[in-house]
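Results of the structural survey
These are the residues of each chain, in order.
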Amino acid sequence: MLNPNKFIILLTLASLLSITACGGGGDNDKVPNTNYYTGAELGDDGIVYYFTNGVRDQAYTGAGLDDDGIAYYFTNGKQAKTFIGAGLDDEGIVYYFTEGKHNQTYTGAGIDQDGTAYYFSNGIHDQTYTGMSLNENFIPYYFTDGLQDHTYERQVVEIYSNSYAFAALMDDGSVVTWGYEDNGGDSSSVAKDLTDGITAIYSTDRAFAALKNNGSVVTWGYASSGGDSSTVADQLTEGVTAIYSTGSAFAALKNNGSVVTWGGAGGDASAVANRLTEGVTAIYSTGSAFAALKDNGSVVTWGDSSYGGDSSAVADQLTEGVTAIYSTGSAFAALKNNGSVVTWGLSGGGGNPSAVADQLTEGVTDIYSTNDAFAAVKNNGSVVTWGNSVNGGDSSAVAYQLTVGVTAIYSTGRAFAALKNNGSVVTWGSSNGGGDSSVVADDLAGGVTAIYSTGGIFFNGAFAALKNNGSVVTTGQSYAGGDSSAVADQLTAGVTTIYSTDSAFAALKNNGSVVTWGSSNGGGDSSVVAD
């Protein structure tokens, strides 16, 4: 099996253990007829355990092939979600898996079962790997003939990601990439442009764009998702100050207030090009459209018409006075200087607030969003919500708690959490995304100073509330950080701040220690670097 704990060389290759029923015996601590079996098996209690020399060790967390032939993530022995990534199938070939089913054979670098780094061609290791990459602790090493040779002098400053690959910005301004090759993991085609001067990296779902200190831009990854900027290359040689993205397109803002676009949905701004030559101060996006805010308070939109690219229905309200724009995955909400709100985009994603329109004509000071719902805070501390009812658009069940005193709102992909001026927290939205906090309601009745969240494309999400005594309270999707019971004794005091990925939390304590929980694949298991 490929080592599921190694996270180096262009892509993590997760082991896919074949999970089958043990059968017979009735003794869950032993596997009959295994000849001192070491591996994962389904116990009589319906939980998948890891066995060492035939003796049950612990509930299995990782990727495995269930008896239905589909690859799943298992968390504490229970089937959690279908697997997306690269792994070894039961036939001994490395495949790329999408929603649990192998899609195509894997070509790229990874760690084989013998602990050696190989280059894989069509799922079979071809030759040992020689080159620089990151080991499991994100330390740069040079590998010679597949073996970790010596530490590399450069240090990682920040790591960026898209849905399939990573890009590490080094302290010398160079970039190291790994992951699914076609989707940004292989940057060899632009390697000479990534050796120095990079200041920031941006991403779509399948491509990267690096901004250099001379204002130029370097792109790589899937061509139609923004990896190929050749059609606008002459406009990206200087002057770019920031880059924005949809799921498949980039928009670069230049120091003269003009905008350059390329890629898929949102990559073609030709219909509004004459309005993007000057005066743009910021750009916002949904999954498939952009909205540019200009220095005169007007708004220009383009991209998928259903997802906010077409604002013609409210165009007369977007000619002046807009101070900020917010978005869900499919709709925009513009806040104006008179405290009113203008929305457009997919109705079910927050584009149509007709049910609460009379509450959005004045007094709004800030707007928050889940994947497909909005929540507006007004200057009297009340909250107005609209959009997908299940995912936060309907707050009627807690409306009486949202009439006054709300100071800030936090969100996962499917739920909201409002922090009030008395330190209490009110949640609503999908129960599996953190919207139902009834189990920890007493702990959230006061003393909360900040709230953090997980959640992304593949996770509903969870909340972690930091209290004034340094303790932490969690709620939401268990394997995305909603269940912190395994480390509860370490979260009773001393926590100063919390960080998160899509599916895990990391709490920094006042003694310099770090406590992690949530999905092991998302960073919830830090045991390998605990010392």
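Because the structure is a prediction, the values reported are computed rather than measured. (Residues numbered from 1 in each chain as written. Predicted model: local features only at pLDDT ≥ 70, side-chain atom pairs only at ≥ 80, totals over all residues. Heavy atoms only, no water.)

Digging into the overall build of the chain
Our working definition: Strands are runs of DSSP state E lasting at least 2 residues, helices are runs of H or I lasting at least 4, and numbering of each runs from the N terminus. With a 1.4 Å probe rolled over the protein chains alone, any residue whose accessible area is under 20% of its type maximum counts as buried; one over 50% counts as exposed, and the rest are partly exposed. Residues are treated as being in contact if the distance between any of their heavy atoms lies within 4.5 Å. Where accessible areas are quoted, they stem from the Shrake-Rupley method and a 1.4 Å probe; at the residue level, only the protein chains shown are allowed to cover.
For the chain, the helix and strand inventory stands at one helix and 44 strands. Looking at the 531 residues of the chain, the share that counts as buried comes to 52%. Considering only contacts within the chain whose residues lie at least 6 apart along the sequence, 39% involve residues at least 24 apart. Only carbon and sulfur atoms are counted for the fraction: they give 44% of the accessible area of the chain, which is about 22600 Å².

Brief notes about the packing of aromatic side chains
Note the threshold: Stacked, tilted and edge-to-face are the three classes assigned to paired rings of Phe, Tyr and Trp, where Trp is represented by its six-membered ring and a pair needs centres within 6.5 Å; plane angles under 30 degrees give stacked, over 60 edge-to-face, the rest tilted. Should the NZ of a Lys or the CZ of an Arg lie within 6 Å of a ring centre and within 35 degrees of the ring normal, that charge is described as sitting over the ring.
Taken as a whole and judged by the stated rule, the model has eight aromatic pairs. Relative to W262, the ring of F250 has its centre 5.5 Å away and its plane inclined at 35°; by these criteria the two rings are tilted. Here F250, found in strand β25 (residues 249–254), pairs with W262, found in strand β26 (residues 259–263); they are 12 residues apart in sequence, far enough to count as distant. For the residue pair F250 and W262, the accessibility class agrees, reading buried in each case. The residue whose ring lies beneath R206 is Y164, and the NZ or CZ to ring-centre distance is 5.9 Å. Over the aromatic face of Y222 sits the side chain of R206, whose NZ or CZ is 3.7 Å from the ring centroid.

Looking at the confidence of the model for the chain
Where we set the bar: pLDDT: the predictor's confidence for each residue, scored from 0 to 100.
In this model, the chain carries an average pLDDT of 84, and 75% of its residues clear a pLDDT of 70 or more. A low-confidence stretch, residues 1–34 (pLDDT under 50), is modelled with 127 contacts involving residues beyond four sequence positions or located in other chains.

What to know about the environment of A59
Tracing the sequence through the fold places A59 in strand β5 (residues 55–59). Residue class for A59 comes out partly exposed when judged on its relative accessible area of 27%. Residues A59 and Y49, 10 residues apart in the sequence, show an inter-C-alpha distance of 4.2 Å.

Quick look at the pattern of salt bridges
Oppositely charged side chains are able to pair whenever their charged atoms sit close together. Inclusion rule: The working definition used for a salt bridge is a side-chain nitrogen of Lys or Arg within 4 Å of a carboxyl oxygen of Asp or Glu.
According to the stated counting rule, one finds one salt bridge in the structure shown. In this structure, K192 engages D193 in a salt bridge whose closest nitrogen and oxygen atoms are separated by 3.5 Å.

Considerations on the environment of S519
When you line up the elements, S519 lands in the segment after β44 (514–518). For the pair S519 and T501, spaced 18 residues apart in sequence, the C-alpha separation works out to 9.5 Å. With near-sequence residues (within four places) excluded, S519 lies in contact with Y479, S503, A504, G524 and D525.

A word on the sheet that holds strand β43 (residues 504–509)
Put simply, the test is: Note on pairing: two strands pair once DSSP finds at least 2 bridges between them. Helix axes are fitted only over the stretch in contact, all axes being lines through C-alpha atoms; the angle between N-to-C directions runs from 0 to 180 degrees.
As summarised here, the arrangement of the three strands in space is β42-β43-β44, forming an open sheet in which the pairing is antiparallel. Where the open sheet ends on each side, the last strands, each with one partner, are β42 (495–500) and β44. Neighbour to neighbour, the strand axes of the sheet diverge by 20° on average, direction disregarded. Two elements, β43 and β44, share five bridges in a ladder whose sense is antiparallel. Within β44, the position partnered with A507 by the bridge is V515.

Considering the pairing of strand β34 (residues 373–378)
Burial within β34 is extensive, with six of its six residues counted as buried. The antiparallel pairing of strand β33 (residues 364–369) with β34 creates a hairpin that spans three residues between the two strands. The pairing of β34 with strand β35 (residues 383–387) spans five bridges and is classified as antiparallel. Opposite F374, over in β35, you have W386 as the bridge partner. Hairpin connection between β34 and β35: a loop of four residues separates the two successive antiparallel strands, and G381 in this loop has a positive phi of roughly 85°.

Focus on the sheet that holds strand β32 (residues 341–345)
The pairing of strands in a sheet happens through backbone hydrogen bonds and is either parallel or antiparallel. Strand order across the open sheet formed by three strands is β30-β31-β32, with antiparallel pairing between neighbours. Each edge of the open sheet carries a strand with a single partner, namely β30 (322–327) and β32. Ignoring strand direction, the axes of neighbouring strands in this sheet form an average angle of 20°. Across five bridges, β30 lies against strand β31 (residues 331–336) in antiparallel orientation. Within β31, the residue paired with A324 across the bridge is L335.

Some remarks on the side chain of S298
Inclusion rule: Residues adjacent in sequence count toward polar contacts only when both atoms are side-chain atoms; beyond that, a polar contact is any pair of N or O atoms within 3.5 Å, and within protein one must be able to donate a hydrogen and the other to accept it.
With respect to the helices and strands, S298 occurs in the loop between β28 (289–294) and β29 (299–303). Engagement of the side chain of S298 in a polar contact is seen with the side chain of N296, the distance being 2.6 Å. Those residues in contact with S298, other than ones at most four positions away along the chain, are A292, L293, L318, T319 and E320.

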